[in-house]
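# Fold and geometry: a report
Here is what each chain is made of, one letter per residue.
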Amino acid sequence: MAVLEDIMKAINKYNRIIIHRHQRPDPDAIGSQVGLAEILRASFPYKEIFVVGKDIADFDWIGEMDEIDSGLYENALVIVTDTANSPRIDDRRFNQGEMLVKIDHHPNDDPFGDVVWVDDQAASCSEMIYAFYQHFAGQLKLPKTAADALYAGIVGDTGRFLYPATTPKTMLVAGALMAAGADASAISRREDVITMPLAKLSAFVYQNLKLTSHQAAYVVLSADVLKKFGLTEAGTSAVVPLPGKIDVVSAWVIFVQQDDGHYRVRLRSKGPAINGLAKNHRGGGHPMASGAKAADEAEMKQIIQELDQLCQQWQEKE
Ligand code: AMP
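Residues numbered from 1 in each chain as written. Predicted model: local features only at pLDDT ≥ 70, side-chain atom pairs only at ≥ 80, totals over all residues. Heavy atoms only, no water.

## Comments concerning the domain arrangement of the chain
- Domain assignment breaks the chain into domain 1 (2-192) and domain 2 (196-317).
- Averaged C-alpha coordinates put domain 1 and domain 2 at centres separated by 28 Å.
- Counting from both sides, the interface comprises seven residues of domain 1 and, opposite them, nine residues of domain 2.
- Counting the contacts that link domain 1 with domain 2 gives two salt bridges.
- Residues Arg24 and Glu233 are paired through a salt bridge, measuring 3.3 Å at the closest nitrogen-oxygen approach.
- At the junction of domain 1 and domain 2, the tally comes to three residue pairs in polar contact (both at pLDDT 80 or more). (Domains from an automatic or database assignment. Contact = heavy atoms within 4.5 Å. Salt bridge = Lys/Arg side-chain N within 4 Å of Asp/Glu carboxyl O. Polar contact = N/O pair within 3.5 Å; in protein donor to acceptor, adjacent residues only side chain to side chain.)

This is the structure we're talking about:
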């Protein structure tokens with residue numbers, strides 16, 4: 001693939017490489033970012049490789065962020081992983097380098113950058129980073145630190161190989177990462193751990209979940225509820241997959257109230273594609289996992305209605 005050659009050419013050319021990913025990172029954002037950095041550090045010890053963005057203590061076990069001066073962007077190559085849209089890139093200095101590369105697995109709605117490699121069939125961006133390593137295996141090294149980070153990303157974005165985006169390639173890559181030293185069991189366990197407040201919030205989600213007439217499920221996590229459980233909105237990701245465990249539910253939405261009162265909309269599906277709905281409400285994402293925003297209760301109601309309609313159309317087709 002010519003684009004892989006273009007990315008490798010850029011990596012060879014620049015002695016300073018700064019890697020970004022999206023805001024509110026998940027394990028795949030951090031895993032692809034840190035995994036790529038660790039591959040490049042091991043392969044080019046004389047180059048300066050940085051990972052930037054807000055440091056998230058919960059993900060320090062995958063990799064910690066660097067704090068760097070803006071001057072370092074001069075003559076630098078910037079690579080952004082796992083980020084579909086440029087407004088979502090964490091650390092707004094991403095366009096201060098000399099060259100910009102996008103590596104991502106979401107639909108390519110915003111093809112920012114001088115070189116764009118998007119594979120929306122890849123289950124995770126970490127899987128793409130492994131494919132990049134494999135393509136240049138003669139020139140690149142894959143240390144255990146990279147294997148661990150990439151494995152964490154794959155586990156995160158596939159829900160431990162549960163979601164339909166998981167392919168035979170995903171499993172082969174996971175196996176290759178284990179062979180390279182990734183501690184698969186410990187990583188899966190780590191991503192499965194919840195705190196006591198999250199366990200209580202899980203109970204709240206199941207207790208308060210509502211179903212529409214066509215099996216769309218929804219629940220609202222208001223600022224008051226989060227306060228009651230001692231959680232911030234950023235700490236609620238672990239409950240997002242829960243409604244999908246219920247047999248009758250084919251798609252679901254969790255509304256999480258933000259500090260300014262509006263709601264973060266977290267959409268998931270086992271049936272109908274929900275990314276079109278997300279796009280209608282200032283969001284986007286994958287067919288089976290998307291995010292959007294709801295200004296108020298009226299917009300939440302609208303989203304629930306649209307989700308119900310999608311479920312109805314999907315049921316009629318099945
Ligand atoms: P989340 O519920 O935040 O985990 O988001 C699920 C997926 O939806 C992510 O992988 C993103 O690709 C996408 N997504 C979430 N929020 C937005 C947004 N505001 N704009 C575009 N895509 C989004």
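## Notes on the sheet that holds strand S2 (residues 48-51)
- One open sheet holds the five strands; their spatial order is S2-S1-S3-S4-S5, and the pairing between them is parallel. Each of the sheet's edge strands pairs with one partner strand only, and the pair in question is S2 and strand S5 (115-118). Averaged over all pairs of adjacent strands, the angle between strand axes in this sheet comes to 15°, irrespective of strand direction.
- Of the pairings in the sheet, the one linking strand S1 (residues 16-20) to strand S3 (residues 77-81) comprises four bridges and is parallel in character. Paired with Ile19 across the bridge in S3 is Ile79.
- Strands S1, S2 and S3 of the sheet are contacted by helix H2 (residues 27-43), whose axis makes an angle of about 170° with S2.
- Sheet strands in contact with helix H3 (residues 125-135) are S3, strand S4 (99-104) and S5, and its direction is about 115° off that of S4. (Pairing = 2+ DSSP bridges. Helix = DSSP H or I, 4+ residues; strand = E, 2+ residues; numbered from the N terminus. Axes fitted to C-alpha atoms, helices over the stretch in contact; angles between N-to-C directions.)

## A word on helix H6 (residues 184-192)
- Buried within H6 are the following residues: Ala184, Ile187 and Ser188. For H6, the angular spread of the buried residues around the axis is 95°, confining them to a single face. Away from its buried face, by an angle of more than 90 degrees, H6 presents the exposed residues Ser185 and Arg189.
- Those residues of H6 hidden inside the fold are in contact with helix H4 (144-158) and helix H5 (168-179). (Buried < 20%, exposed > 50% of the residue type's maximum accessible area, 1.4 Å probe, protein only. Arc of directions from axis to C-beta.)

## Here's the deal with the pairing of strand S11 (residues 289-294)
- On S11, burial follows the alternation: Ser290, Ala292 and Ala294 on one face are buried, whereas Ala289, Gly291 and Lys293 on the facing-out side are not.
- Here strand S9 (residues 263-269) pairs with S11 via six bridges, running antiparallel. Its bridge partner lying in S11, Tyr263 is registered against Ala294.
- As paired strands, strand S10 (residues 284-285) and S11 are joined by two bridges and run antiparallel to one another.

## A short note on H5
- The end-to-end C-alpha distance of H5, which contains 12 residues, comes to 17 Å, matching closely the 16 Å that a straight helix rising 1.5 Å per residue would cover.
- The inward-facing, buried residues of H5 abut H3 and H4.
- Note on H5: the residue one or two positions beyond its end, Gly181, has a positive phi of about 115°. (Expected span 1.5 Å × (residues − 1).)

## Let's talk about the packing of H2 against H4
- Axis separation between H2 and H4 bottoms out at 7 Å; the angle between their running directions is 160°. Classed by the angle they form, the pair H2 and H4 counts as roughly antiparallel. The two elements H2 and H4 cross, and the hand of that crossing is left-handed. Contact residues: H2 offers Pro27, Asp28, Gly31, Ser32, Val34, Gly35, Glu38 and Ile39, while H4 offers Thr145, Ala146, Ala149, Leu150, Ala152, Gly153, Gly156 and Asp157.
- Each residue belonging to the contact of H2 with H4 can be placed in one class, and the counts come to seven nonpolar, six polar and three charged. (Parallel < 35°, antiparallel > 145°, perpendicular 65-115°, else oblique. Left-handed = near helix turned anticlockwise from the far one by under 90°. Nonpolar A, V, L, I, M, F, W, Y, C, P; charged D, E, K, R; others polar.)

## What to know about the site of the ligand
- As a structural note, the neighbourhood of the ligand is formed by 14 residues, with His106, Arg264, Arg266, Arg268 and Gly291 the closest of them.
- Residue Arg264 places a side-chain N or O atom 2.8 Å away from an oxygen atom belonging to the ligand.
- The contact in question runs from an oxygen atom of the ligand to an N or O atom on the side chain of Arg268, over 3.0 Å.
- When the ligand is considered free in solution it has 480 Å² of accessible area, and contact with the protein chains removes 84% of it.
- Looking at the shell around the ligand, the elements with two or more residues in it are S9, S10 and S11. (Near = heavy atom within 4 Å. Areas by Shrake-Rupley, 256 points an atom, 1.4 Å probe, with all protein chains shown as cover.)

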